[in-house]
Each structure stands twice: as structure tokens, then as C-alpha cells.
Amino acid sequence: MIVSIKPVRPGKTDVRIATIQQVTTDYPRHVLAGRKWTRCSRSAAGSDCAVSCRTSTIRWILAAAAGGVTGLSQVGSDWARALHRLWSAAVVIDSREQLAALVLPPLQELPGVRAVWGLRHGPDGVTAYRWRGLPLTAERRALAESLAPQAPGPARVIELRGHEFTRVVAVRFEEPGQAAGTILVAVGAAADAGFVADCLTQVIEVTQEAVRRLAVVRAEQDQQVRDALLAEASLQMDAVLDAEQTMYRVPRMAVPAIAEGCLVFIDDDGGKPVLRGAVHVDMRRLDAMLRDPAAVQLLAEPGEHRLELRTRGRVIGRLVFLFDRPPDRIPPTAFLRDLTARAALAIDNSTLYEQRRQEVIRMQQHLLPTRLPRVAGLSVAASYTVGDRVLEVGGDFYDVVVRDDGAVAALIGDVCGRGVDAAALTGMARHTLATLLQEGVSPRRALTRLNERLRLDGSWRFITVGVALLRPDRDGFAVQWTSAGHPAPVVLRTGADARRGAGGGVPVGVLDSPVFASSRLRLRAGDTLLMFTDGLTESRDGTGTMFEQAGLTTALDRLRDVPVQTLVDDLSESAQAADDIALLAVRACDGR
């Protein structure tokens, strides 16, 4: 073996070992790069290995690499191999508990050693005890704590009297952000205290390196967990646009992974915080806290772990985290702020979405009749459902008018497209048709007049329309159905299957000379005429199957005999509406 030693700086030396024979497999070589050991490959003769380490450990590394160096005693050679194994194992341990089980036994095996004690220090005293040899009884714990150095430094040899041992070699080590530790080695009179002190110093080096590595690994793992939590939290919060659901999901995604409790306060129009969501691992404890108005008010005020929900340049509330865990397990403030920012954006998005949705609903209601007329012998009901994923006004409409001759005209239509232009055309179409039909104009003539208006305006939009003209006839009503490209109505008869009427025709606004389709129906007492827009029949379930194919017939059979208002309400809820749905039901009553 050829060994070259080159000083780097005080206390540090480069050692280069050129191996002439193949390295024995009993002692794998390692390289200390910075503060981490990395394994050298056990290659054939001629490879070399460079080690940068403390000068005090050079001879032990050389002894381990060579399998024993001339000039060292058998004890020294044994310790060199033990130290080499310590360095090898220090890079694979996962916890401080494993570290204690690793570093204490080799010290216990040194000649003259009676006991090895390890102490872990916390802010309020010793938090953990480990030992080999003489156990740390209550009396010995008190002795060990009294002998433990108060600050890091070189190994100290402390003389004692009246104990099973005569001297204690002690070293304290500290790493930033980690719990400090002390190792004490109790030796008898025959032990070489200087040699034990050297060995203990080298073990402390291994221990400090392992603690640093554990801290790095733990920090990396914690960061990976936090990144995963942030990603999952974003997915959960962004998965819905319902404001109430978002208020529920925001605290749920924080408990228990991030905190023991989480509360959401949203500022009302007057700036007063209002509790909108709260979750805790112990809900009884949380409920007791929330029953105290003073406690709730305190939680809503600024403070540690009570972060502002700020988004789009304004504060919308506060997100409060409640912790019941050791300080070192509380997530960093930067992480909590990041999570809060994402929560603020999700809450604001859902709130704005709900506000916009309500505006659309209110605007849509202004395009529909505020109430339908009461007609002798008929029960009339309607419903309008805004598509779940739509934030613009739709073009569906309906109306019912009573003519001077006693006939009743029920109309339903659907303007192509959405938005302001479609809304304007919707209002014009409904009012035009309702006015003409009420004045006694036939459905065909009324639809022709509307077609002329659209063609004159040069509008690219078209409208599907269906008009049912009902006239009293003996024990029921005769129905004349006129369609301009609108879905055919359904007739629900008492004790019989639902029957689909005839559709057809071309939507108004498409041709200069309109094309309509007509058919005749009859309603007897108890029969119901159901008119609807294509949002009902074309709604799809999770598999993509249209409601007309999968669920319409079943729903109609189930709802045939219920009140007409229940019929239209339940039927619209049965469909998974992506588009607006307008429903208009007219039932012939008994005893007309």
C-alpha cells in the first residue's frame, strides 16, 4: 500500500490510498465529500480513493483501509475497523434512535469501559436517555445530567469517587435546528482515559455527520410532503365552484395533515368576519370553543397562524390554523402562506362564480313570465333550470296566453346561442308571439311574422318554436300543435304509456319562406301535455348517454300522476343539465 498525506487546512487533511492488491470485501472504502460519505467502487488493482477528514481520524481510516497498520496495537486496529463500520452505517440510518443503537455499543466494547450513556437535550431538560452497560437508574440519571457539559467542546475527563467507576469522559454536541446531545463514557481505574477520549471524539464526529444527514433527509421528505399536500389541496379546492362546498373543502384539506384545526372567516359587506367553515380533529372541543363569542372574536383577529385570505388585491377574510403538536412539527410560515393564498383564490373564484350565476338566473327570470294565467279546466306549471356549467343567459323561453275566444295558446322556444344578443332576441320572440297569439292570430301566421322580422333584421340566429293551441272540446281539449323545428311534445295519459307527438318544421329565421309542421292531439281529463326544450332530452349522464335514451321514459312513468308543478320540477332535476332546460306542462282537469 502507498499512502500520501497532504494538509488542506488546520485540522483537515487529504489522504490518498493507492491500493496495489484488491481491497478486501470486509471493509468497503468510502469517500467523504464535504459532509457526506459516498461509496467507492471496489475495483481491481490500481484504483485509488481520496478521503478528506479530520486529522485526528487519519490513522483510524488508514488502519481500516489496510486491515491494520504497523504501529497500532490490536485494540487500535479493532477500533479502526469499528470506526470504519460506523461511518459506513451512519449514511443509512433513519432516526436518532437508530443512531444511538449504532454509536453506543462500540464505545462499550473498549477496554475498561463500564457504561456508555446518551442524553438528548430539549428546551426544558433531557428528553431521552439511552445507555449500554450500567443502566441509567434514577440516581445515575441525576449524576449523568450533572456531569453533562453545558456547551460543546473537546472531550472532558471527570474524576469521580464513591461510584462503580472512577472517571467519566463526556462530550456535548450541537447542530443548528436539532436537539443537542451528550455522550458520557464511564471507565474504571485501569482504562486509558486518553484513548477513550479520542474514540469518543471520533464517535461524536460520526454522530454529528449522521444528525446533519438526518436533518437534510427529513427536510427533503417534509418538503416533498408539503409539495404533495399543496398539489392535492389545489385539486380539492378547485374541483368545485359551489361556494358552500368550497368553504367546507378548504378546512377539510388542512386537517389533520397540516394542522389539528382550521377555520375560515369571510368578511361580510361591512367588513365583519363571519365564520363560514370549521374543522378540528376533536369536534367536541371545537364546538365548545365556538360557543364562546370572545374566543371566536379572538380567532378572527390577526395573529400567529391566523393568515389573511388575500386575492386580487383585496382581503376577503382570514384562514386560522390551530396546532396541538411539537413546535418542530408545525409547517413553516411560508408553506402556510402559500396554502392560504391558494385557498383565497379558490374561495374568491367560487364566490364570484356564484354571484355571476345568480345574476344570470335573475336576468333569465326577467325574460320569462312572472306568473302563468289561471285557466278553467286546465292546470298549468313551468320550470326553468340554468345549466350548471353556464354563466351566460340562455335563449329558452315559454309563455301561456288566453285568447278572447276561450282558446289557450301555450308556446315554448329556444334561441340559438347564449349571451346578451341571445337574451335580447329571446325577449323579443316571446313578447312578439305572445302578443300575436293573444290577439287571435293563428300559430302559423304568428310564426311567419316572427320569421319575417328575423330575416329583415339580418340576424344569423334561429329559433325553434312549438305552439300548442288548446280549445275546449266535449270532456277535454282539442290540441293543435305547430312546430318550427322544435322537439315534439309528450302526452301523459292516465293508465297508459307516454306518447310522443309529432315535431318537424324548420326553425324560424332560417328560410325566407318558413316551413312548419302541424299535428292534432286530444287531452282528456287527467291527461298532461308536456312541452320542453332540447336541454332536457340532450342532457347526458356520466357515460355520455342522452337522457332521452336512458332516463326520460322511466322518469315520465314515475311522475305521470303527480301534480304538474312537481312533474316539471322533478323532471328537470332528473336530467344532468349542461344546457338550460325549459319545461311547460298543461293538464286537463276533471269537472271542467
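Residues numbered from 1 in each chain as written. Predicted model: local features only at pLDDT ≥ 70, side-chain atom pairs only at ≥ 80, totals over all residues. Heavy atoms only, no water.

Colleague: I'm lost on the overall build of the protein in this one. Help?
Modeller: Counting its regular elements, the protein contains 15 helices and 24 strands. The buried share of the protein, reckoned over its 592 residues, is 47%. Once local pairs closer than 6 in sequence are excluded, the contacts in the protein between residues at least 24 apart make up 62%. For the protein, the exposed area adds up to about 29,000 Å²; of that, 50% sits on carbon and sulfur atoms. (Helix = DSSP H or I, 4+ residues; strand = E, 2+ residues; numbered from the N terminus. Buried < 20%, exposed > 50% of the residue type's maximum accessible area, 1.4 Å probe, protein only. Contact = heavy atoms within 4.5 Å. Areas by Shrake-Rupley, 256 points an atom, 1.4 Å probe, with all protein chains shown as cover.)

Colleague: Can you help me understand the side chain of threonine 340 in this one?
Modeller: As for its placement among the helices and strands, threonine 340 is situated in helix H9 (residues 333–366). Taking relative accessible area as the criterion, threonine 340 reaches 2% and is therefore assigned buried. In terms of polar contacts, threonine 340 uses its side chain to reach the backbone carbonyl oxygen of leucine 336, at 2.7 Å. Contacts of threonine 340, omitting those with residues within four sequence positions, involve Leu307, Glu308, Leu309, Leu319 and Phe321. (Polar contact = N/O pair within 3.5 Å; in protein donor to acceptor, adjacent residues only side chain to side chain.)

Colleague: How do you make sense of the confidence of the model for the protein when you look at a structure like this?
Modeller: Parts of the model with low pLDDT should not have their predicted coordinates read in detail. Summing up the model confidence of the protein, the mean pLDDT is 82 and the portion of residues at 70 or higher is 85%. The low-confidence segment residues 1–60 (pLDDT under 50) makes 117 contacts with residues lying over four places distant or belonging to another chain. Scored below 50 in pLDDT, residues 62–71 shows 17 contacts in the model against residues more than four places distant or in partner chains. (pLDDT = per-residue confidence, 0-100.)

Colleague: So what exactly am I meant to see when it comes to helix H2 (residues 74–90) here?
Modeller: In an α-helix, one turn spans 3.6 residues; hence positions three or four apart end up facing the same way. Relative to the 24 Å expected for 17 residues at 1.5 Å per residue, H2 spans 24 Å between its end C-alpha atoms, a close match to the ideal helical length. Burial within H2 is extensive, with 12 of its 17 residues counted as buried. Within H2, burial applies to Gly76, Ser77, Trp79, Ala80, Arg81, Ala82, Leu83, His84, Leu86, Trp87, Ser88 and Ala90. (Expected span 1.5 Å × (residues − 1).)

Colleague: Whenever I open this one, the pattern of salt bridges confuses me. Can you help?
Modeller: Pairing between side chains of opposite charge can happen when their charged atoms approach one another. Per the counting criterion, the structure on display carries 27 salt bridges. Taking the shortest distance from any N to any O, the salt bridge between arginine 325 and glutamate 260 comes out at 2.8 Å. Of this pair, arginine 325 sits in the loop between strand E14 (314–322) and H9 while glutamate 260 sits in the loop between helix H6 (243–254) and strand E11 (261–267), and the two are 65 residues apart along the sequence. Put simply, Asp473, Arg474, Asp475 and Arg522 are held in one network by salt bridges that share partners. (Salt bridge = Lys/Arg side-chain N within 4 Å of Asp/Glu carboxyl O.)

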